[in-house]
Structures are given as C-alpha cells and as structure tokens.
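Topology and contacts: notes
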Amino acid sequence: MRVLVVTAVAAEAGSVAAGLVGFADGSPRALPGGYALTRYARPASGAQTPVVLVDVLAAGVGPAAAAAATATVLTAPAHEQARALTAAPSQAPGDAPGTLPPYDLVVSAGIGGGFPSRAPLGTVVVADEIIAADLGAETPDGYLPVDRLGFGRTTHLPPPGLPGRAAKLLEAGGLPHLVAPVLTVSTVTGTARRAEELIARHPRAGAEAMEGFGVAEAAAAHALPVLEIRAVSNPVGPRDRDAWRIKEALDSLRHAFQLLTPLFEESP
C-alpha cells in the first residue's frame, strides 16, 4: 500500500516517522510551494514485494494550508511525469524514474483537543467522520453549516470498516482509543461556551483539530480514501496551557503509528 500521512507541524511528522518501525527513510524531497516530503519504505511482511510506502508531510496549520499542501503532493506525480517525458519523450507514462506514486490512502494525523467526557488526555481518536465544524453562517436562529446553506459539504467519511480495523490494532496494543467524529475548526476552542455549542451540534464528537477536513477535501478531489488519527493533548474547553500534555500526546501518536503499521500492509 502507498500511504500519504499529512501532519500540521514537524514535531507531529517526527512522531509519525518514529512510529514507522522497520521502515528505511530517505532524504526529504522538495516539492513546489516549499513543501518537503519524506518517504519511508519497507517490504510487506513475509514478502520482498510489494513494498509498503509511507510518505510523511508537514503541511502547516489550519484547513486551508492542509488542503493546499495535500493537493500539491497529490498533483506532483503528473507534473513530475510530464517533466520526465519532456526530457525523454520515448519513455512510457508511469516509467519515469523518481516520480511520486499514486496513493492508496491519505491520513491526516497529529495531536488535538479531546472532549473530556469522551476522549480524555492520552486517548487516540480514530475518526469515523471528519467534520468541518465552523464552516457555515451564524443566524438569529443559530449556526447553519455550509451544506444547509446550499454550498458544498461539511463531512467526509473514511471507508467503511477502516476506523474499526484501526481501533482493533490500537486495542491489541493497549493504547486508549475512541472511534468518533473529529471536528475541524479554524479557531481552536478556548471557552466552555464554545465547547458546549460544539457538543450540542455534534454530540458524538471525540476531538477537534485544525487540518482534517482540508486534507479530506484534497483527497476527495483525487477520489482517494481518507482517515484521521488524533492523539489528545488537551481538553476542549477553557484555554489552560498548564493542562496541555503535548509531549505525552506526541508519544501517543508515535505509539499509534507503530501499532497501525499492519493497516498499511493491507491490499489496496
């Protein structure tokens, strides 16, 4: 399987990479826009081929940055192939050396806030829905999501069964986890009132973060399945930096990817 993992920042990308035990890593590869993509590869269990490829990208913070960076990577194969074929016109499409492969799965990963009643500190949340929670309009009667306004969509769904298979691997490894919607927000929650409003609109929500929906939008444009994995670093609610556990959440993210490696060995 060929997997693209998109994080917001380098620390998250480093935790993902540290969890890819047994993978050989290459040098970061420069892409248009100043992005750097690092590839990790290893043979699938019990076979020399096919090779499992995991490309890791730090995209920047927020849904727009995440969508732009993910789209850049997903369109890079066509651009690289075009350049290679221009240099060597006799080469068959798909045979250009060094080009990026098409992917079988796109994963948005990182740390995030957990709704305390469902996902306390240390929990890894596997999204069964990726929801744009503040993409819409405020009205006198309350908030209206953009799809109810007649524009676009606010939800992406991972492939049926994929979150459950991921959860089983986490459970087998003893890592606290929850399968639940992950909310994408452009402004991180910092008050009890905002937390209550989000839970009222999304009572099953397990976590909030800032990139999942952007990654999912880019993946959907290329007809690729998407998954989101979040390690909880802080409670959603009043902003209290003393309550943040970023180091511990990054370690949980590392552990999660160590346990999830068999998922990446599945046949596309």
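Before reading further, recall that the structure is shown in the block above.
First, a word on what this report is: a plain description of the structure on this page. (Residues numbered from 1 in each chain as written. Predicted model: local features only at pLDDT ≥ 70, side-chain atom pairs only at ≥ 80, totals over all residues. Heavy atoms only, no water.)

1. Overview of the layout of surface pockets
In plain terms, the rule: A cavity here means a set of 1 Å grid points, computed over protein atoms only, where a 1.4 Å probe fits but cannot escape. A pocket is an open set with protein on both sides within 12 Å along at least 5 of 7 lines, and lining residues have an atom within 4 Å of a point. Grid points are joined across faces, edges and corners, and a volume is the space filled by probe spheres set on the points. We call Asp, Glu, Lys and Arg charged. Ala, Val, Leu, Ile, Met, Phe, Trp, Tyr, Cys and Pro are nonpolar, and the rest, Gly among them, are polar.
Taken as a whole, the largest pocket encloses approximately 520 Å³ of empty space. Considering the residues around the largest pocket, the lining is formed by 27 residues, among which Ile 111, Gly 112, Val 188, Ser 233 and Asn 234 are closest to the centre. Taken together, the residues of the lining of the largest pocket break down into 15 nonpolar, six polar and six charged.

2. Some thoughts on the nonpolar core
Heads up, the rule is: By nonpolar core we mean a set of buried residues, namely Ala, Val, Leu, Ile, Met, Phe, Trp, Tyr and Cys, connected to one another through side-chain atoms within 4.5 Å. Residue burial is assigned from relative accessible area. The probe radius is 1.4 Å, only protein chains are included, and a residue is buried under 20% of its type maximum, exposed over 50%, and partly exposed in between. A run of H or I in DSSP counts as a helix once it spans at least four residues, and a run of E counts as a strand once it spans at least two, with each numbered from the N terminus.
Grouped together as the largest cluster of nonpolar side chains are 35 residues, with contacts concentrated most on Val 5, Val 54, Val 107, Phe 257 and Phe 264. Sorting elements by how many residues they give to this core places helix H6 (residues 246-260) first, with seven residues. If you look at the next biggest cluster of nonpolar residues, it comprises 30 residues, including Leu 4, Tyr 103, Ala 207 and Phe 213.

3. Observations regarding the pattern of salt bridges
In plain terms, the rule: Salt bridges are defined by distance alone: a side-chain nitrogen of Lys or Arg within 4 Å of a carboxyl oxygen of Asp or Glu.
In total, this model carries twelve salt bridges according to the counting rule given. For Arg 204, the salt bridge identified is with Asp 128, shortest N-O distance 2.6 Å. Highlighted residues: Arg 204 in the loop between helix H4 (192-201) and strand E12 (207-209) and Asp 128 in strand E7 (residues 124-132), separated in sequence by 76 residues. The partner of Glu 266 in a salt bridge is Arg 165, and the shortest N-O contact between them spans 3.0 Å. Note that Glu 266 is positioned in the segment after H6 and Arg 165 in helix H3 (residues 162-172), a separation of 101 residues in sequence.

4. Topic: the packing of aromatic side chains
The condition is simple: Note on aromatic contacts: the rings of Phe and Tyr and the six-membered ring of Trp form a pair at centre separations within 6.5 Å, being stacked when their planes are under 30 degrees apart, edge-to-face when over 60 apart, and tilted otherwise. Counted as over-ring charges are cases with an Arg CZ or a Lys NZ within 6 Å of the ring centre that also lie within 35 degrees of the ring normal.
Inspection of the entire model under this criterion finds one aromatic pair. Residues Phe 257 and Phe 264 carry aromatic rings whose centres are separated by 6.1 Å and whose planes lie at 40° to one another, so their mutual orientation is tilted. Owing to a relative accessible area of 0%, Phe 257 belongs among the buried residues under this scheme. The buried category is assigned to Phe 264, whose relative accessible area is 1%. In this arrangement the basic side chain of Arg 201 is found over the ring face of Tyr 143, its NZ or CZ atom lying 4.0 Å from the centre.

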